[in-house]
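Listed below are the residues making up each chain.
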Amino acid sequence: MKLEITKLVAHGLYREALCFFSQLHSTSLRIHKFSFPYLLKCCAKLKACPQGKMLHTHLIKTGIQAHLYTATSLTDMYMKLHASNSALKVFDEIPEPNINTLNVTISGLMYNGFYKEALGVFGLVGMRNLRPDSVTVVSLLSACENVKDGLQVHCLAVKLGVEADIYAATSLVTMYSNCWELVLASKVFEQVHGKNLVCYNAFISGLLKNGSSRVVLGVFNDIRGSSYEKPNAVTFMSVFSACSDLKYFQFGMQVHGFIVKIERSFDTIVGTALVGMYSKCGCWQCAFDVFKELNAKRSIITWNSMIAGMMLNGQSEIAVELFVQLQSEGLRPDSATWNSMISGFSQLGKEFEAILFFKKMQYAGIAPSLKSITSLLKAYSAMSMLQCGKEIHAHVVRTGIGSDEFIATALIDMYMKCGQPSWACRIFNDFVIKPDDPAIWNAMISGHGRNGENGTAIEIFNQMLKEGVQPNSATFNCILSVCSHSGQVLKGLDIFRLMNLDYGLNPTTENFSCLVDLMGRSGRLVEAQKLLEEIATPSASVFASLLGACKCYSDSKLGEEMAKKLSELEPENPTPFVILSSIYAGQGRWKDVERVREMMNERGLKKLPGCSLIGET
């Protein structure tokens, strides 16, 4: 009888094994005690809690629960059914648990998220004179929430002599990587002899998590050079992710060729990762070729990756075609599909299309996610659609997601851009404890500046520093812009010095651009020009800003230089010639005005007409 049940469980026929037991039990046949661990495993696999409790009752009646192996299996079953209290009761009733029982209990508590309790159970090792093994170490490492606990378990592994065990070493690599201690993870990895693919993959995942994508490619080459280990789907996914981060298109293509060479085809997971890599590297044609090659192997995740890739590369029309094709092939767009369409259109500046797809999503009965709501709020901000933004705000309040920092930041940005700073302040003030994320502070600073409330913007910046929130480069862009528009040159210069001296931030091109704008608006054109020369690759907006300052202070010489630079960057933009013409007109240089107009005619440029947008509030 025991052999029949064992065979059924070995072949994954869990339901059949339980039915077979019921038949035997109904005929009053005696069941071998070693059959019950297999039956308890069936209950865990099927998430069949009632059947598990019935078996537990039978074990108590027959006295088989006292058998250590059965009691251990019973503890394991309850842990996997998320009934940790019942599992601990069974564990407490075991008179002399062995190390296997302890390992099952520790890993079970970990499985249910009780990390501290798992470490507490380990304290029984000394009380029961049990000797931990590598399985104990692996279980404990999973429970470590900080590097201090991890170091203690590492010391235990050394004391037990299991630190060289491949599974213990792999868990140490994972633990150190999760605690952002990449140096320690690398040391452990280097000391492992006979590395297997699981160990390699754990190290690669840790490198990715810690932002060391370049090293991932070196480790992958080590795997390729190994005669014992061959990369699998997990390896390829990590390598493609690293190529995406680094924009290493050529390396990604080489890995693609390697896969084709050794496997001739790839599964859905690897194919989807390859689609994502090509898309993020800017080669949507290659991504599309892989997508078409997958054909019947495409999952909804593959479709979502391709649609998002098309949007990322500005191919919104093809993305719409794919969206329609997806439905025609019998698949139903999920939340991620809709998010890709809405956020894609929003990022491309196609707000009407974003709003249209949001309405279609609601009609399809799909609840909007946080990402789709933030994308929609961005679209409403761009179009100053205050009433629609208020409707989304009402939805946020009804669904109780207003405390989410991303949503709150998007709402603040929307109200600020729609000219309602008081509403933005209400949302910000709802946070009793202000967020540490500088994004929400940046939205407040730039929003007040946009609405002419420069004094309040500076107060918010000072409050941010007082509460110990670390500003980023975007924060300094916001506050420098405020100083520029309010004419506070000295204040702006002081703030610019803070970047490196107090916060260790190296000024970016955008930061220098804001400083050039500050100098230009205050009439310090010579200083602004010198500062502009220090910028490695100045953007068109910097030249446009300084050109505007030349118009304000009637500096035709510098204006000519800025107009020339701007026209080289944007040859189809008539603005530099229009502004230069205005400078000449202000100085009464009508021949030069005529000359500039002739230049515009020769280039086929026309002054852009003005326009207004009126919306309901």
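Residues numbered from 1 in each chain as written. Predicted model: local features only at pLDDT ≥ 70, side-chain atom pairs only at ≥ 80, totals over all residues. Heavy atoms only, no water.

**Considering the overall build of the protein chain**
Alright, step 1. The helix and strand inventory of the protein chain stands at 37 helices and zero strands.
Alright, step 2. The C-alpha atoms of the protein chain give 32 Å as radius of gyration, which overshoots the globular expectation for 617 residues (25 Å, by more than 25%).
Alright, step 3. In terms of overall dimensions, the protein chain has C-alpha extents of about 110 × 55 × 55 Å along its principal axes.
Alright, step 4. Within the protein chain, buried positions represent 48% of all 617 residues.
Alright, step 5. Of the contacts made within the protein chain by residues no fewer than 6 positions apart, 58% connect residues no fewer than 24 positions apart.
Alright, step 6. Here the protein chain displays about 31,700 Å² of accessible surface, and carbon together with sulfur accounts for 54% of that area. (Helix = DSSP H or I, 4+ residues; strand = E, 2+ residues; numbered from the N terminus. Rg over C-alpha atoms; globule rule 2.2 N^0.38 Å. Buried < 20%, exposed > 50% of the residue type's maximum accessible area, 1.4 Å probe, protein only. Contact = heavy atoms within 4.5 Å. Areas by Shrake-Rupley, 256 points an atom, 1.4 Å probe, with all protein chains shown as cover.)

**With respect to the nonpolar core**
One recurring pattern in soluble globular proteins is that nonpolar side chains are buried together.
Alright, step 1. The biggest cluster of nonpolar side chains holds 192 residues, and the ones touching the most others in it are F240, I412, I445 and L546.
Alright, step 2. Top element by residues in this core is helix α26 (residues 405-417). It accounts for eight residues.
Alright, step 3. With residues up to four places along the chain from it excluded, the contact list for I412 reads A424, I427, F428, I440, A443 and M444. (Core = buried A, V, L, I, M, F, W, Y, C linked by side-chain atoms within 4.5 Å.)

**As for the packing of helix α32 (residues 509-521) against helix α34 (residues 540-552)**
Alright, step 1. Axis separation between α32 and α34 bottoms out at 9 Å; the angle between their running directions is 5 degrees. Taken together, the axis directions place α32 and α34 in an arrangement best described as roughly parallel. Across the interface between the two elements, S513, V516, D517, G520 and R521 from α32 touch V542, S545, L546 and A549 from α34.
Alright, step 2. Classifying every residue of the contact of α32 with α34 by side-chain character gives four nonpolar, three polar and two charged. (Axes fitted to C-alpha atoms, helices over the stretch in contact; angles between N-to-C directions. Parallel < 35°, antiparallel > 145°, perpendicular 65-115°, else oblique. Nonpolar A, V, L, I, M, F, W, Y, C, P; charged D, E, K, R; others polar.)

**Concerning α34**
Alright, step 1. Its 13 residues give α34 an end-to-end C-alpha distance of 19 Å, which sits within 8% of 18 Å, the value for a rise of 1.5 Å per residue.
Alright, step 2. Buried residues belonging to α34 abut α32, α33 (525-534), α35 (556-569) and α36 (575-586).
Alright, step 3. Positive backbone phi, at 55 degrees, marks S554, one or two positions downstream of α34. (Expected span 1.5 Å × (residues − 1).)

**Examining the pattern of salt bridges**
Alright, step 1. Inspection of every chain in the model, using the stated rule, returns ten salt bridges.
Alright, step 2. Across the pair R497 and D494 runs a salt bridge whose closest N-O atoms are separated by 2.9 Å. Taken together, the positions of R497 and D494, both in helix α31 (residues 489-501) and three residues apart, correspond to about one turn of that helix.
Alright, step 3. Taking relative accessible area as the criterion, R497 reaches 45% and is therefore assigned partly exposed.
Alright, step 4. The shortest N-O distance in the salt bridge between R521 and D517 comes to 2.9 Å. In this pair, R521 and D517 both sit in helix α32, four residues apart, roughly one turn of the helix. (Salt bridge = Lys/Arg side-chain N within 4 Å of Asp/Glu carboxyl O.)

**Some points on unusual backbone geometry**
Alright, step 1. You will see that K47, though not glycine, has its phi angle at about 55 degrees, which is positive.
Alright, step 2. Locating K47 in the fold gives a position in the loop between α3 (36-46) and α4 (49-62).
Alright, step 3. For S554, which is not a glycine, the phi torsion comes out positive at approximately 55 degrees.
Alright, step 4. Take S554: it is sitting in the loop between α34 and α35.

**Comments concerning the packing of aromatic side chains**
In this description, an aromatic ring pair is defined by two values, namely the gap between the centres and the angle between the planes.
Alright, step 1. Taken as a whole and assessed by the stated rule, the structure comprises 19 aromatic pairs.
Alright, step 2. With centroids separated by 5.3 Å and ring planes inclined at 85 degrees, the aromatic side chains of F323 and F357 adopt a geometry described as edge-to-face. On the criterion of sequence distance, the pair formed by F323 in helix α21 (residues 316-328) and F357 in helix α23 (residues 351-363) is long-range, its members being 34 residues apart. Each member of the pair, F323 as well as F357, is classed as buried.
Alright, step 3. Summarising the aromatic geometry, the rings of F461 and F476 are spaced 6.2 Å apart at their centres and angled 70 degrees between planes, so their arrangement reads as edge-to-face. With F461 in helix α29 (residues 454-466) and F476 in helix α30 (residues 473-486), this pair connects stretches of sequence that are 15 residues apart.
Alright, step 4. Assessed through its relative accessible area of 0%, F476 is described here as buried. (Phe/Tyr/Trp six-rings, centres within 6.5 Å; stacked < 30°, edge-to-face > 60°.)

**Section: the side chain of T136**
Alright, step 1. Position of T136 relative to the elements: it lies in helix α10 (residues 134-143).
Alright, step 2. Within polar-contact distance, the side chain of T136 engages the side chain of N103 at 2.6 Å.
Alright, step 3. If near-sequence neighbours (up to four positions away) are discounted, T136 is found in contact with I99, N103, I106 and F122. (Polar contact = N/O pair within 3.5 Å; in protein donor to acceptor, adjacent residues only side chain to side chain.)

**Describing the environment of A410**
Alright, step 1. Of note, A410 is situated in helix α26.
Alright, step 2. In this structure the C-alpha to C-alpha distance between A410 and I440, which are 30 residues apart in sequence, comes to 8.4 Å.
Alright, step 3. Sequence-distant contacts of A410, that is, excluding residues within four places in its chain, are made with T374 and L377.

**Topic: the environment of S372**
Alright, step 1. With respect to the helices and strands, the residue S372 is situated in helix α24 (residues 370-382).
Alright, step 2. For S372 and W338, which are 34 residues apart along the polypeptide, the C-alpha to C-alpha distance reads 7.7 Å.
Alright, step 3. A polar contact of 2.9 Å, which involves the side chain of S372, links it to the backbone oxygen of S369.

**Looking at the side chain of N112**
Alright, step 1. Mapped onto the fold, N112 is located in the loop between α7 (99-111) and α8 (115-122).
Alright, step 2. Within polar-contact distance, the side chain of N112 engages the backbone oxygen of G108 at 2.8 Å.
Alright, step 3. Discounting residues that sit within four places of it in the chain, N112 has contacts with M79, H82 and S84.

**Points about the environment of A536**
Alright, step 1. Here A536 is to be found in the loop between α33 and α34.
Alright, step 2. Look at A536 and you get exposed, because its relative accessible area is 73%.
Alright, step 3. Sequence separation between A536 and T509 is 27 residues, and the spatial gap between their C-alpha atoms is 7.7 Å.

**Examining the state of the cysteines**
Put plainly, a disulfide is one covalent bond tying together the sulfur atoms of two cysteines.
Alright, step 1. As enumerated under the stated definition, the model contains zero disulfides in all.
Alright, step 2. Free cysteine C243: the closest other cysteine sulfur is in C281, separated by 6.7 Å. (Disulfide = S-S within 2.5 Å.)

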